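# Reading the structure
As a plain string of letters, each chain reads:
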Amino acid sequence: RHFPALERSVLTGASALVCNCEGVLRGLSWLHPLPSVTAVVHNAWSAAAPAEPGVGVALAGSLLPTKDVHTVAHAARHLGSITVYGPDAGFSDLARLSGGNLHHAGPVEPHALTAVLQRHRTLILPLGGGWFGTELTSPLKAFAYQNAGVPFVGADTPALRRVAKGAYEPYTPGDPQSLVR
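The structure reproduced in this document is the subject of the present report. Given the structure is predicted, the values throughout are model-derived calculations rather than measurements.

### As for the sheet that holds strand β6 (residues 122-125)
Two strands in a sheet stick together by hydrogen bonds in their backbones, pointing the same way (parallel) or opposite ways (antiparallel). Read from one edge to the other, the open sheet built from 6 strands follows the order β5-β4-β3-β6-β7-β8, with strand pairing classed as parallel. Looking at which strands have only one partner, the edges of the open sheet turn out to be β5 (102-106) and β8 (169-171). Between one strand and the next, the sheet's axes are offset by a mean angle of 30°, whatever the strand orientation. In the sheet, β6 pairs with strand β7 (residues 152-155) via 3 bridges, with the strands oriented parallel.

### Remarks on the packing of aromatic side chains
Applying the stated criterion across every chain yields a total of 3 aromatic pairs. Ring centres 6.1 Å apart and planes at 5° place the aromatic pair Trp 30 and Trp 131 in the stacked group. Within this pair, whereas Trp 30 is found in helix α2 (residues 22-31), its partner Trp 131 is found in helix α6 (residues 131-134), the two being separated by 101 residues in sequence. Ring geometry for Tyr 145 and Phe 152: centres 5.4 Å apart, planes at 75°, overall edge-to-face. The same class applies to Tyr 145 as to Phe 152, namely buried. Here a set of aromatic residues connected by ring pairs shows up, and it is made of Tyr 145, Phe 152 and Tyr 168.

### Some words on the side chain of Thr 71
Of note, Thr 71 is situated in helix α3 (residues 69-79). Classification of Thr 71 as buried rests on a relative accessible area of 5%. The residues touching Thr 71, leaving out its near neighbours within four places in the chain, are Tyr 171, Gly 174, Asp 175, Pro 176 and Leu 179.

### Looking at a nonpolar patch on the surface
On the surface, a nonpolar cluster with roughly 300 Å² of combined accessible area is contributed by Phe 3, Leu 6 and Val 10. As for its placement among the helices and strands, Phe 3 is situated in helix α1 (residues 3-12).

### A closer look at the pairing of strand β3 (residues 57-60)
Residues of β3 alternate between two faces, with Val 57 and Leu 59 on one and Ala 58 and Ala 60 on the opposite face, all of them buried. Direction of pairing for β3 relative to strand β4 (residues 82-85): parallel, over a ladder of 4 bridges. Bridging across to β4, Ala 60 finds its partner in Tyr 85. With respect to chirality, the unit in which β3 leads through α3 into the neighbouring parallel β4 is right-handed. Sheet topology places β3 next to β6; 2 bridges connect them, and they run parallel. Each residue of the ladder has a partner; that of Ala 58, found in β6, is Leu 123.

### Comments concerning the nonpolar core
Leu 102, Leu 117, Tyr 145, Phe 152 and Leu 160 are the most contacted members of the largest nonpolar core, which totals 39 residues. If we ignore the near neighbours within four places in the chain, the residues touching Leu 160 are Leu 125, Leu 127, Pro 139, Ala 142, Gly 154, Ala 155, Lys 165 and Tyr 168. Residues Leu 11, Cys 19, Leu 25 and Leu 28 belong to the second largest nonpolar core, which totals 5 residues.

Quick notes on the rules
- Residue numbers run consecutively from 1 along every chain, following the written order of its sequence.
- Under the rules for a predicted model, residues below a pLDDT of 70 receive no local features and side-chain atom pairs below 80 are neither given nor counted, while totals for whole chains, interfaces and linings still include all residues.
- Side-chain figures throughout are based on the complete set of non-hydrogen atoms in the structure, without hydrogens or water.
- Note on pairing: DSSP must find at least two bridges between two strands before they are called paired.
- Runs of E in the DSSP output that reach at least two residues are strands. Runs of H or I that reach at least four are helices, and both are numbered from the N terminus.
- Only the stretch in contact is used when a helix axis is fitted, and all axes are lines through C-alpha atoms; the angle between N-to-C directions ranges over 0 to 180 degrees.
- Two rings from Phe, Tyr or Trp (for Trp, the six-membered ring) form a pair when their centres sit within 6.5 Å of each other. Planes less than 30 degrees apart are called stacked, planes more than 60 degrees apart edge-to-face, and all others tilted.
- Relative accessibility under 20% of the residue-type maximum defines a buried residue, over 50% an exposed one, and the middle range a partly exposed one, all with a 1.4 Å probe and only protein chains included.
- Residue contacts are counted whenever heavy atoms from the two residues lie within 4.5 Å of one another.
- Excluding any residue in a salt bridge, patches collect residues exceeding 30% relative accessible area, merging like charges within 9 Å and nonpolar Val, Leu, Ile, Met, Phe, Trp and Tyr side chains within 5 Å.
- To measure how exposed things are, a 1.4 Å probe is used in the Shrake-Rupley method; for residues, cover is taken only from the protein chains shown.
- Salt bridges are counted wherever a side-chain nitrogen of Lys or Arg sits within 4 Å of a carboxyl oxygen of Asp or Glu.
- The handedness rule is simple: strands pointing away from the viewer, and a clockwise path from the first strand over the helix to the second, make the crossover right-handed.
- The criterion is simple. A nonpolar core is a set of buried Ala, Val, Leu, Ile, Met, Phe, Trp, Tyr and Cys residues joined through side-chain atoms within 4.5 Å.

Have a look at this one:
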């Protein structure tokens, strides 16, 4: 509720605006007059293929419902063991949904993430089909996954297509069978 006033204050004095994704820029344009110079700049990476192929499936990041993690949990019943790196908030419910196939490995320090991801054969990048997953995110894990050089399956959302088109195998958010295939 207090953000519009803060945004207006900052934008009033700005000569340019850089946003992390198209949806944030569009959302701000609906609410406020913008500077004449605007840009969207996503993260960047330099791919570093692992020395040897890893084993197993993993995902890294928070387990927020907006990230389609329930689909991953349901798919895990068919996929088998999936290692989850990140905070444990919400993990116990998802582990039950997965039939015990989700395994929490805890958070990973950013400097160690590439090496940890490279231990795995495949990575999963879930995103929901709602406004957050389609417009209001620049999925940073896509950059981390590409940097690790490990193949990944990701939600087929506009946000992920904008930053990693052709770099991942898409699945339909909300459809566990799509993720299993």
